[in-house]
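Residue strings, one per chain:
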Amino acid sequence: MRRGPALLTLAVVIALLALSQHAGKQTARLPDLRGRTLRAAQLAARDAGFRQLAADALDRHRVPVLGGNWKVCSQQPPPARYALTTPVTLRVVKTGEACPRR
């Protein structure tokens, strides 16, 4: 029985697990995205290494498609250092609309 291929496979699996665990521990600073256009906020969050979701802050179930036509009212979590796997939610309104007071 040849042990070389089995040992190589085991080594690759261990290395991939170590890399995935390391990626989960990476952190970055999430900037303050409030007041920016959705497009600018998305680019800033992505540049920092985060993924994000946008939701209609007025709960009208509108889908923010064109990022330049929406502005960010609030974000969750607030600006600070987080793991890159932390979900970021941006609450947005159309440009020209007032942000809700909550």
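Let me sum up the structure you'll find in this document.

Definitions and cut-offs
Residues numbered from 1 in each chain as written. Predicted model: local features only at pLDDT ≥ 70, side-chain atom pairs only at ≥ 80, totals over all residues. Heavy atoms only, no water. Helix = DSSP H or I, 4+ residues; strand = E, 2+ residues; numbered from the N terminus. Buried < 20%, exposed > 50% of the residue type's maximum accessible area, 1.4 Å probe, protein only. Contact = heavy atoms within 4.5 Å. Areas by Shrake-Rupley, 256 points an atom, 1.4 Å probe, with all protein chains shown as cover. Disulfide = S-S within 2.5 Å. Pairing = 2+ DSSP bridges. Axes fitted to C-alpha atoms, helices over the stretch in contact; angles between N-to-C directions. Salt bridge = Lys/Arg side-chain N within 4 Å of Asp/Glu carboxyl O. Patch = residues over 30% accessible without salt bridge, like charges linked within 9 Å, V, L, I, M, F, W, Y side chains within 5 Å. Arc of directions from axis to C-beta.

Within the chain, the secondary structure is distributed over 2 helices and 5 strands. Start at the N end of the chain and walk to the C end: the helices and strands fall as α-β-α-β-β-β-β. Relative to its full complement of 102 residues, the chain shows a buried share of 23%. Summarising the internal contacts of the chain: among those between residues at least 6 apart in sequence, 68% fall at separations of at least 24. Carbon together with sulfur atoms contributes 59% to the accessible area of the chain, which is approximately 7200 Å² in total.

Using the criterion set out here, one finds 1 disulfide in the structure. Between cysteine 73 and cysteine 99 runs a disulfide, and the two sulfur atoms are separated by 2.1 Å. Its torsion about the S-S bond being -85 degrees, the disulfide of cysteine 73 and cysteine 99 is classed as left-handed. Placement of the pair is cysteine 73 in strand S3 (residues 70–76) and cysteine 99 in the segment after strand S5 (88–94), with a sequence separation of 26 residues. Its relative accessible area of 16% is what places cysteine 73 among the buried residues.

Another point: the sheet that holds S3. Reading across the sheet, the 3 strands line up as S2-S5-S3 and stay open at both edges, with mixed pairing between neighbours. Every other strand in the sheet has two partners, leaving strand S2 (52–56) and S3 as the edge strands with one partner each. Averaged over all pairs of adjacent strands, the angle between their axes in this sheet comes to 35 degrees, without regard to strand direction.

This brings us to the pattern of salt bridges. Under the counting rule described, the total for this entry stands at 5 salt bridges. If you follow the salt bridges from partner to partner, you end up with Asp56, Arg60, Arg62 and Glu97 in one network.

Moving on to a nonpolar patch on the surface. A cluster of nonpolar side chains, namely Val63, Val65 and Leu66, defines an oily patch on the protein surface of about 330 Å² accessible area. Considering the arrangement of structural elements, one finds valine 63 in the loop between S2 and S3.

Moving on to helix H2 (residues 38–48). Restricting attention to buried positions, one finds in H2 the residues Leu38, Ala41, Ala44 and Ala45. Each buried residue of H2 lies within a common arc of 130 degrees when the element is viewed along its axis, so the set occupies one face. In H2, the exposed positions that point more than 90 degrees away from the buried face belong to Arg46 and Asp47. On its buried side, H2 packs onto S2, S3 and S5. Just downstream of H2 lies glycine 49, where phi reads positive at about 105 degrees.

Here we take up unusual backbone geometry. A cis amide bond links glutamine 76 to the next residue, proline 77, at an omega of 5 degrees. Inspection of the secondary structure assignment puts proline 77 in the loop between S3 and strand S4 (80–83). For aspartate 59, which is not glycine, the phi dihedral falls at a positive 55 degrees. Along the chain, the position of aspartate 59 falls in the loop between S2 and S3.

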